[in-house]
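Spelled out from the first residue to the last, the chains are:
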Amino acid sequence: MSGEADISGALDRIKGRFLATLSDQLVTMEQAHSSHAQLDATLREDALQALHRISGSAATLGMPKIGSAARRCEDLLIEDFATSTKMSPGSRAALAEVLAEAKSLLS
Amino acid sequence: MNILAVDDDPIILELIDEVVRSMKDHQVHTVDSAAAAVEFLTENPDIPIDCFLLDIKMPGMDGIEFCRALRGCGAFPLTPIVMLTAMSDKSHIDAAFAAGANDYVFKPFEVYELQNRIKLAEQRASIMAAQMSDMDPDTDKARKPGLLEQIQIFDVDSVIDYFALENYVPLLSKRASFGAVAVGFHIRQVAQIHNRCDSMQFRGLIEDVAEAISDTLRGFTFLMAYAGNGTFLAVIEEDQVPLLPQLVDDVNIRIQRMGMPVPTPANLPVRICAGQMVRLLGYRSSNFLTALNTARESVEQTAAELERGFDDLWPLSARA
């Protein structure tokens with residue numbers, strides 16, 4: 001029982017750090033979302049990395065909604081960036097969903 | 001166990017640290033890249049790593065390349081390597097197991113799931129440690145493996161250990177759209193051959209037959225493991241299934257050409273047979289082992305029937 005208590009306390013602490021990182025990632029994702037022209041390589045890579053990290057740990061920390069939204073958006077962006085430097089309308093909508101979730105968590 | 005976790009996401013490393021710490025009896029060391037892991041291993045030769053947890057998507061060398069490098073360097077041939085990754089597509093799963101991974105956990109993970117996989121890795125590490133002590137080439141006293149033992153096979157393309165194959169199959173069966181078949185190959189009269197062989201001969205026979213099957217299957221997408229009792233189990237992509245009779249002939253011709261120096265009953269050449277192909281599609285993850293067991297039972301039954309037929313045609317008293 002004490003092991004379970006320890007891990008839940010630790011998960012709360014890590015969730016706090018996740019949210020602190022999320023506010024930095026939010027800036028990157030907003031930048032990508034507001035860019036209607038081509039995204040430069042650094043912004044593409046940073047946006048993908050942010051989404052990849054959110055999708056990798058959010059659900060473990062008790063935030064499955066933003067995790068699955070980030071996963072869906074990452075998959076769509078990978079498809080987009082395989083052939084283009086622009087975001088498709090579908091990806092933009094998926095990214096907007098992630099941004100809304102992130103803002104809700106941070107508010 | 002000493003566990004080395006490699007991931008470029010500091011949140012994941014913190015999670016792993018807490019999960020492992022909650023299990024007691026284990027120490028975890030965390031680094032953020034393959035290069036940092038190499039540095040850690042070089043600078044800490046006094047910390048024997050018993051298990052690796054590797055992310056795949058990392059800057060620089062990715063986790064699959066690093067896994068392959070760990071297996072190739074000679075220091076960690078049997079150390080459990082668990083991939084901990086968000087990459088859930090089949091090509092990454094296949095590549096990771098082919099590179100030497102023993103297990104594969106998807107991110108995001110449940111805490112209890114990671115704990116269970118670490119426990120499995122711990123059990124595996126202790127079995128592997130015992131096997132390694134049996135294989136010390138300096139002693140020249142390598143214990144003869146039992147007939148049913150799952151001998152480790154190194155450096156044969158797409159051949160993985162049986163524990164890894166058992167972990168691989170359920171990952172695939174979770175994907176409803178994926179289709180694959182399991183098929184068994186069996187060394188005929190293996191019990192009699194085992195009785196006549198010393199340790200090195202029997203280990204060499206298993207490795208050579210694995211190589212013959214692997215070479216023959218080149219061109220197909222597959223993973224294969226030795227299940228003990230002279231039986232190999234392969235999982236092959238369904239959309240390019242080979243014709244079994246032709247495949248068996250090709251493997252047997254390859255074995256003949258290799259000229260295996262093992263004593264066989266009546267000096268007959270070493271030969272293999274194959275069982276029925278078993279489709280994995282439709283098996284639930286809760287009974288994923290059934291498909292592998294069915295493939296194993298099928299080939300061992302086929303082998304038994306072949307030997308019965310052989311005995312009927314050519315009674316023992318007539319061979320000498």
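In case you missed it, the structure is sitting above this.
Residues numbered from 1 in each chain as written. Chains lettered and ligands numbered in written order. Predicted model: local features only at pLDDT ≥ 70, side-chain atom pairs only at ≥ 80, totals over all residues. Heavy atoms only, no water.

Describing the overall build of chain B
Then, in step 1: Looking only at helices and strands, chain B features 10 helices and 11 strands.
Then, in step 2: Residues counted as buried form 53% of the 320 residues belonging to chain B.
Then, in step 3: Long-range pairs, those at least 24 residues apart, make up 73% of the contacts in chain B with a sequence separation of at least 6.
Then, in step 4: Here chain B displays about 14,200 Å² of accessible surface, and carbon together with sulfur accounts for 51% of that area. (Helix = DSSP H or I, 4+ residues; strand = E, 2+ residues; numbered from the N terminus. Buried < 20%, exposed > 50% of the residue type's maximum accessible area, 1.4 Å probe, protein only. Contact = heavy atoms within 4.5 Å. Areas by Shrake-Rupley, 256 points an atom, 1.4 Å probe, with all protein chains shown as cover.)

Let's talk about the interface of chain A and chain B
In many analyses, interface size is given as the accessible surface area lost on bringing the parts together.
Then, in step 1: Contact with chain A, which involves 21 residues of that partner, is made by 18 residues of chain B.
Then, in step 2: Across the chain A to chain B interface the summed buried area is about 1,700 Å²; carbon plus sulfur atoms make up 61%.
Then, in step 3: On the surface where chain A and chain B come into contact, there are four salt bridges.
Then, in step 4: Here arginine 13 of chain A ties to glutamate 18 of chain B by a salt bridge, and the two come within 3.6 Å at their closest N and O atoms.
Then, in step 5: Of all the secondary-structure elements, those providing two or more residues to the side of chain A that touches chain B are α1 (2-34), α2 (41-57) and α3 (64-83) of chain A.
Then, in step 6: It is α1 of chain A that provides the largest number of residues to the side of chain A that touches chain B, a total of nine residues. (Buried area = accessible area lost by both parts, 1.4 Å probe. Salt bridge = Lys/Arg side-chain N within 4 Å of Asp/Glu carboxyl O.)

Comments concerning the sheet that holds strand β1 (residues 2-6) of chain B
All names here are of chain B.
Then, in step 1: Strand order in the open sheet formed by five strands is β2-β1-β3-β4-β5, and the pairing between neighbours is parallel. The strands lining the two open edges of the sheet, one partner per strand, are β2 (27-31) and β5 (103-106). Pairs of neighbouring strands in the sheet enclose a mean axial angle of 20 degrees, with direction left out of account.
Then, in step 2: Inspection of the sheet shows β1 paired to β2 by five bridges, in the parallel sense. (Pairing = 2+ DSSP bridges. Axes fitted to C-alpha atoms, helices over the stretch in contact; angles between N-to-C directions.)

Here we look at the packing of helix α3 (residues 63-72) of chain B against helix α4 (residues 90-98) of chain B
Residues and elements named next belong to chain B.
Then, in step 1: Contact pair α3 / α4: the axes reach a minimum separation of 9 Å and the direction vectors enclose 15 degrees. Taken together, α3 and α4 sit at an angle that is classed as roughly parallel. Classified by chirality, the crossing of α4 by α3 is left-handed. Residues Ile64, Cys67 and Arg68 of α3 form the contact with α4, whose participating residues are His92, Ala95 and Ala96.
Then, in step 2: Of the residues contributing to the contact of α3 with α4, the split by class is four nonpolar, one polar and one charged. (Parallel < 35°, antiparallel > 145°, perpendicular 65-115°, else oblique. Left-handed = near helix turned anticlockwise from the far one by under 90°. Nonpolar A, V, L, I, M, F, W, Y, C, P; charged D, E, K, R; others polar.)

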